[in-house]
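Each chain, letter by letter, is given below.
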Amino acid sequence: MRKNSFAIIGGQFGDEGKGKIVDEICAALSRKHEKIIVYRWNGGANAGHTVIIGGQKIVLHNIPSGALTKGAIAILGKGMVIHPMDLLKELMDVTEKFGFPKNLIIDEMATLSLDTHRAFESALKEREEGGAGSTGRGIAPAYADIVLRHPVRMRDLVSENWEVILTKHYDLYASFTKGLGKDISEILVPTVSGQAKKMGSKETFLDQLMFARNLLLPFIKNVDGLLKENWIGTTPFVFEGAQGVGLDPRWGVYPDVTASETTFSGIHSSTEGLIDPVNIEYKIAVYKATYMSSVGKRVLPSKMKETLAEKIRKDANEFGATTGRPRDIYHIDIPALSYFKSVSRVTHMALTHLDVSYKSVPVALCVAYKVGGGEYVPYRPDQKYLDKVKPVYKSFQSWEGKNMRGATKFINLPKPAREYVKSLAKLLGLKTFMISTGPERNSLITFSPR
Ligand code: IMP
């Protein structure tokens, strides 16, 4: 086991509050260590990780949440798909609020996710339903480029013949959208601020990229040596995943899946086999403690009645950080979460949103699935299969959530909350690593020595 190594994934369907957990782990590590490495291995601008430091809130999309910690070297890994203009805008926001993140490195092998991908995704959406619920950030087409063997990477952007490579890329996507009956330059594509703009001509596309290229050049590097050297040494490593296991194309329910590897396995491929997640000491899944939320068409057996769902949505602001869409609310679904846990090889849990509880409403957990004849069945990533199963619920005594906000000791939590956390850990077969008790830094209960 590699000491001082931590990896964090979303244990549900994304939006579990990973940003805060990563930020807290990094902040704690930076009190004892001069240098830490924070590494993001998947996704791109589809993610929205909210961090609040000193009352200042920021939603990070590409930059790892721990990048704001003193002494952090933040790496945007090979497994990511990065939109250069979005990243620039994010860098500007971070700089304005927290100062320039000096130690930011973009792996030269990371794939570009461009307006061409967004335009194609938009044209495709009109033709077929597959990507209907996507964030529109061109994530799936950028990953598809890799398996189709024509990705454009960060190192292409900084190469001398970048214009030739990206002209070819634009022309390829123009023919894709032409085949779908659309002129690429006329297609509306989302920007990082959420507003849509016209894709524009090839010249505009290249001009924007040249601008981004010039500013990003100093950050784009080969990270191999740096990773190897520090992994062999004692520098703490924090690996930050985006999205959640329930959104993984292998383990989640179609069509509401993203394209990247959301489990710890993504660390292995992103670091080109250098870091095997088996050797990571703390493999932590983040869960919303009392409910789950997701966007899309999937319907899990544990869907919550709308009266309570609506209250939670309002109280916990359950609207997409990237898209603003209202999220569906579910009871904690143990069959699904146990499956996600085992395919990801999780060892610890970090809980958020434990304060979303109302004294008069018991916390109901879906503890098992049953089919017609009363036979217990497991979760499988298949909507048709899930449509046939019935949830089995177990109720737990609740507590008044708002009274425990900001608690820093487990013993100070209301007894039913403590009992609930212990039961959840037992049901999932995990050790408790951390409980977040509010959005601010330090509203936190920690369990593991660091
Ligand atoms: P894509 O990642 O834009 O391709 O979207 C595919 C699916 O994943 C859609 O259902 C999205 O809503 C969902 N998704 C992608 N990123 C996130 C996230 O960070 N949180 C929650 N859902 C996400």
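Note that the structure is predicted; figures quoted are calculated from it, not measured.

1. Some points on the site of the ligand
Taken together, 14 residues sit near the ligand, with D15, N46, T135, T258 and R325 positioned nearest. At a separation of 2.9 Å, an oxygen atom of the ligand approaches a polar side-chain atom of R325. When isolated, the ligand has an accessible area of 470 Å², and the protein chains bury 95% of it. Of the residues assigned to the shell around the ligand, the class counts are five nonpolar, six polar and three charged.

2. Brief notes about the sheet that holds strand 1 (residues 2–10)
Taking strand neighbours across the sheet as the criterion, the 10 strands line up as 11-7-5-2-12-1-13-17-21-22 in an open arrangement whose pairing is mixed. In this open sheet, the two edge strands, each paired with only one partner strand, are strand 11 (220–221) and strand 22 (444–446). Bridging between strand 2 (residues 36–40) and strand 5 (residues 72–76) involves five bridges; their strand directions are parallel. For V38, the partnering residue across the bridge sits in strand 5 and is A74. On top of the sheet, helix 8 (residues 224–232) reaches strand 1, strand 2, strand 5, strand 7 (104–107), strand 12 (237–240) and strand 13 (280–288); it is set at about 125° to strand 12, its chief contact.

3. Description of the nonpolar core
Core analysis: the biggest nonpolar cluster contains 60 residues, and F239, M349, L354, L413, Y420 and L424 have the highest contact counts within it. The element that contributes the greatest number of residues to this core is helix 13 (residues 415–428), accounting for six residues. If we ignore the near neighbours within four places in the chain, the residues touching L354 are A289, T290, W399, M404, L413, Y420, V421, I435 and S436. F120, A123, L166 and L180 belong to the second largest nonpolar core, which has 42 residues in total.

Cut-offs used in this document
- Residues numbered from 1 in each chain as written.
- Predicted model: local features only at pLDDT ≥ 70, side-chain atom pairs only at ≥ 80, totals over all residues.
- Heavy atoms only, no water.
- Near = heavy atom within 4 Å.
- Polar contact = N/O pair within 3.5 Å; in protein donor to acceptor, adjacent residues only side chain to side chain.
- Areas by Shrake-Rupley, 256 points an atom, 1.4 Å probe, with all protein chains shown as cover.
- Nonpolar A, V, L, I, M, F, W, Y, C, P; charged D, E, K, R; others polar.
- Pairing = 2+ DSSP bridges.
- Helix = DSSP H or I, 4+ residues; strand = E, 2+ residues; numbered from the N terminus.
- Contact = heavy atoms within 4.5 Å.
- Axes fitted to C-alpha atoms, helices over the stretch in contact; angles between N-to-C directions.
- Core = buried A, V, L, I, M, F, W, Y, C linked by side-chain atoms within 4.5 Å.
- Buried < 20%, exposed > 50% of the residue type's maximum accessible area, 1.4 Å probe, protein only.

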